[in-house]
Amino acid sequence: MAALDRFLTRLEQLGVELDVREMDSSTHTAADAAAAVGVQVGQIVKSLLFMADGEPLLVLVSGPNRVDTAALGKRLGTPVTMADAKRVRELSGFSIGGVPPFGHPAPLRTIVDPDLLSYDEVWAAAGSATTVFGIEPSRLLELTRGEVLPVGADSGAERVSAD
């Protein structure tokens, strides 16, 4: 089953209706997605998977922002490391660049970048590098059961980005 079909099936199982759009060009990076949709880069949700104390941690990050794993680890009280591509696929059911913020095989603890809350609508991947959907940030928080927490970089710390 194609990634988009898996995501649409999961939406149906969750009872969630969204306007999923297939784009003509890649939305693999935040800049690509913003250009394809016609929105600001900050409105793009990067869904990044990390490991925190051996458990998966999904971090939803505003397009131009980067995750500081050391600072996030301090805030959470445990070391945070980026998950490799194999683990991302195993835990989320999707490949890097197409990971949606919800609809995974099992619920993932989710951290939401507070910068996403400053927009009326944000755009996230819908299972592939060419599919996206728009959503109100409050609805995104509800569906992910996300915890709003700063993810930004402190000077000199390791920085990780999907771009």
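In what follows, the accompanying structure is described. Every residue gets a number counted from 1 within its own chain, in the order that chain's sequence is written. Predicted model: local features are reported for residues with pLDDT of at least 70 only, side-chain atom pairs are reported and counted for 80 or more only, and whole-chain, interface and lining totals are derived from all residues. Side-chain measures here rest on the full set of heavy atoms in the structure, leaving out hydrogens and waters.

1. Focus: the packing of aromatic side chains
We describe a pair of aromatic rings using the distance from one ring centre to the other and the angle between the two ring planes. Any two of the Phe, Tyr and Trp rings considered here, Trp counted by its six-membered ring, make a pair once their centres fall within 6.5 Å; the pair's planes then place it as stacked at under 30 degrees, edge-to-face at over 60, or tilted in between. Within the structure shown, the criterion is met by four aromatic pairs. Ring plane angle 20 degrees and centroid distance 5.6 Å describe the contact between Phe7 and Phe133, whose orientation is recorded as stacked. Of this pair, Phe7 sits in helix α1 (residues 3-14) while Phe133 is found in strand β8 (residues 131-135), placing the two residues 126 residues apart along the sequence. Owing to a relative accessible area of 0%, Phe7 belongs among the buried residues under this scheme. Think of it this way: any DSSP run of H or I at least four residues long counts as a helix, any run of E at least two long counts as a strand, and we number them from the N terminus. Each residue is assigned to one of three classes by its accessible area relative to the maximum for its type, calculated with a 1.4 Å probe on protein chains only: buried under 20%, partly exposed between the two thresholds, exposed over 50%.

2. Section: the layout of surface pockets
Both cavities and pockets are sets of points on a 1 Å grid over the protein atoms alone; in a cavity a 1.4 Å probe fits but cannot get out, in a pocket the set is open with protein on both sides within 12 Å along at least five of seven lines, and lining residues sit with an atom within 4 Å of a point. Grid points are joined across faces, edges and corners, and a volume is the space filled by probe spheres set on the points. The computed volume of the largest pocket comes to approximately 390 Å³. Along its surface, the largest pocket is lined by 18 residues, and Leu14, Phe102, Gly103, Pro107 and Leu143 are the ones closest to its centre. Of all the secondary structure elements, the ones that give two or more residues to the lining of the largest pocket are α1 and α5 (137-144). Three classes are used: nonpolar for Ala, Val, Leu, Ile, Met, Phe, Trp, Tyr, Cys and Pro, charged for Asp, Glu, Lys and Arg, and polar for all others, with Gly counted as polar. The class makeup of the residues in the lining of the largest pocket is 10 nonpolar, five polar and three charged.

3. Overview of the pairing of strand β2 (residues 44-52)
Residues in a regular strand point their side chains to alternate faces of the sheet. Here β2 lies mainly inside the structure; nine of its nine residues are buried. Should DSSP find at least two bridges between two strands, the strands are regarded as paired. Relative to strand β7 (residues 122-125), β2 runs parallel, the two being bridged by two bridges. Residue Val45 lies in a different strand from β7, and its bridge partner there is Ala124. Taken together, the eight bridges between β2 and strand β3 (residues 55-62) define a ladder with antiparallel strand orientation. For Leu49, the partnering residue across the bridge sits in β3 and is Leu58. If you look at the hairpin formed by β2 and β3, you'll find two residues sitting between the two strands, and Asp53 has a positive phi there, around 55 degrees. Of the pairings in the sheet, the one linking β2 to strand β5 (residues 80-82) comprises three bridges and is antiparallel in character. Note that in β5 the partner of Met51 across the bridge is Thr81.

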